[in-house]
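Residues per chain are reported as follows:
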Amino acid sequence: MIMQIISYAIMLILFLGSIKQIKQQNWLVASYIVIQLFFEVSSSFIPNSNLFIFSLSYYLHLVFLNFYFLVYLFHIKLKKILLLNIFLLIPMLWNIYTYYDPTSYESYDRLFYNLLIILLALYCLTKFYTQQLKLTASQIRLTITCLCFFSLDFVIALSTNYLVNGPLNIVAGVWVFRAICLGVFYYFITQITWKTGKKI
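Residues numbered from 1 in each chain as written. Predicted model: local features only at pLDDT ≥ 70, side-chain atom pairs only at ≥ 80, totals over all residues. Heavy atoms only, no water.

J.: Explain the overall build of the protein chain to me, please; I cannot follow it from the model alone.
T.: In terms of regular secondary structure, the protein chain is built from nine helices and zero strands. Counted from the first residue to the last, the protein chain has its helices and strands arranged as α-α-α-α-α-α-α-α-α. Among the 200 residues that make up the protein chain, the fraction classed as buried is 46%. Considering only contacts in the protein chain between residues 6 or more positions apart, those separated by 24 or more positions represent 72%. (Helix = DSSP H or I, 4+ residues; strand = E, 2+ residues; numbered from the N terminus. Buried < 20%, exposed > 50% of the residue type's maximum accessible area, 1.4 Å probe, protein only. Contact = heavy atoms within 4.5 Å.)

J.: Hey, could you run me through the state of the cysteines in this one?
T.: What makes a disulfide is a covalent bond joining the sulfur atoms belonging to two cysteines. According to the stated counting rule, one finds zero disulfides in the structure shown. Its sulfur unpaired, Cys146 is 9.1 Å from the next cysteine sulfur, which belongs to Cys124. The thiol sulfur of Cys148 is not disulfide-bonded, and the nearest other cysteine sulfur, from Cys181, lies at 9.4 Å. (Disulfide = S-S within 2.5 Å.)

J.: Sorry if this is basic, but what is going on with unusual backbone geometry here?
T.: Trans peptide bonds make up most of the peptide bonds, and negative phi angles are found at most residues other than glycine. Of note in the backbone geometry, His75 takes a positive phi value of approximately 60° without being a glycine. Along the chain, the position of His75 falls in the loop between helix 3 (50-73) and helix 4 (78-87). Positive phi, normally seen in glycine, also occurs at Gln131, with a value near 60°. With respect to the helices and strands, the residue Gln131 is situated in the loop between helix 6 (108-129) and helix 7 (137-157). On the accessibility criterion, Gln131 (75% relative accessible area) is exposed.

J.: Is there a simple way to explain the pattern of salt bridges in this structure?
T.: Any two side chains of opposite charge can pair, so long as their charged atoms come close to each other. Across all of its chains, the model carries one salt bridge by this definition. Of the charged contacts in the structure, one is a salt bridge between Asp153 and Arg110, with a shortest N-O distance of 2.8 Å. Remark: Arg110 occurs in helix 6 and Asp153 occurs in helix 7; sequence separation between them is 43 residues. Here Asp153 matches Arg110 in class, with each residue buried. (Salt bridge = Lys/Arg side-chain N within 4 Å of Asp/Glu carboxyl O.)

J.: Looking at this model, I keep getting lost on the nonpolar core. Mind explaining?
T.: Within soluble globular proteins, side chains that are nonpolar generally end up buried alongside one another. Tyr32, Leu65, Phe69, Phe150 and Phe185 are the most contacted members of the largest nonpolar core, which has 43 residues in total. The set of elements that each furnish at least two residues to this core consists of helix 2 (27-45), helix 3, helix 6, helix 7 and helix 9 (168-196). Of the residues forming this core, the biggest block, 14 residues, is contributed by helix 3. Apart from residues no more than four positions distant in its own chain, Phe185 is found in contact with Tyr32, His61, Leu65, Thr145, Cys146, Phe149 and Phe150. (Core = buried A, V, L, I, M, F, W, Y, C linked by side-chain atoms within 4.5 Å.)

J.: Whenever I open this one, the packing of aromatic side chains confuses me. Can you help?
T.: The geometry of two aromatic rings is summed up by the distance between their centres and the angle between their planes. Tallying each qualifying case throughout the model produces 10 aromatic pairs. With 5.3 Å between their ring centres and 40° between their planes, Phe74 and Tyr123 make a pair best called tilted. On the criterion of sequence distance, the pair formed by Phe74 in the loop between helix 3 and helix 4 and Tyr123 in helix 6 is long-range, its members being 49 residues apart. Assessed through its relative accessible area of 42%, Tyr123 is described here as partly exposed. When the centroid spacing of 6.0 Å and the interplanar angle of 50° are considered together, the rings of Phe112 and Tyr113 count as tilted. Owing to a relative accessible area of 0%, Tyr113 belongs among the buried residues under this scheme. An aromatic cluster is built from Tyr58, Phe149, Phe150 and Phe185, whose rings are joined through pairwise contacts. (Phe/Tyr/Trp six-rings, centres within 6.5 Å; stacked < 30°, edge-to-face > 60°.)

J.: Before we go on, may I ask you to explain the packing of helix 4 against helix 5 (residues 89-97) in this structure?
T.: Relative placement of two packed helices is described by the angle separating their axes and the distance separating the axes. At a closest axis distance of 5 Å, the pairing of helix 4 and helix 5 adopts a crossing angle of 20°. By the angle between their axes, helix 4 is roughly parallel relative to helix 5. On the side of helix 4, the interface is formed by Asn85, Ile86 and Phe87, while helix 5 contributes Leu89, Ile90 and Pro91. By residue class, the composition of the contact of helix 4 with helix 5 is five nonpolar, one polar and no charged. (Axes fitted to C-alpha atoms, helices over the stretch in contact; angles between N-to-C directions. Parallel < 35°, antiparallel > 145°, perpendicular 65-115°, else oblique. Nonpolar A, V, L, I, M, F, W, Y, C, P; charged D, E, K, R; others polar.)

J.: How do you make sense of the environment of Ser159 when you look at a structure like this?
T.: Along the polypeptide, Ser159 turns up in the loop between helix 7 and helix 8 (160-165). Under the relative-accessibility criterion, Ser159 is labelled partly exposed at 32%. Considered as a pair, Ser159 and Ser107 are 52 residues apart in the sequence and their alpha carbons are 9.1 Å apart.

See the structure below:
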């Protein structure tokens, strides 16, 4: 019950955030939020889809943050990032292809995607502290939020199989904690663009 309430609260954040971003014509953020909302709803109503949607969701996290860090902050050509994102489909497709049943499930693609996001955030902060990159206070907060959430999720991902198959009374707390952190992550994304009114 608690997990459902938290899940619905996250979906409400996503929905409100997407409306605000569309009004600001911030289509990258709006698209990201709307698709993640679709994943949340789908996992609730489509039987046995959670693990597949989990992989898709993490690929989307990486795609969005690749655009944010590499195109928006570092001004790398969009074509190169598009090719990179296509190449980064491989871990997700392999994980889905080799999936047999929940008892043998391991989210190696999620580990890989989390690690890449952590490295992106660390690289961004390193460039900022060495004065090779200018960041606003909002961009610093978003980068630190990415680093904290995906570092935490990387640790959680190491025990995904147990969290999927373990006793509910033991693993529920971890999933609830992760859901709250995910809500905070989405909140920072929407809050930063609401305050600045700028496109990401």
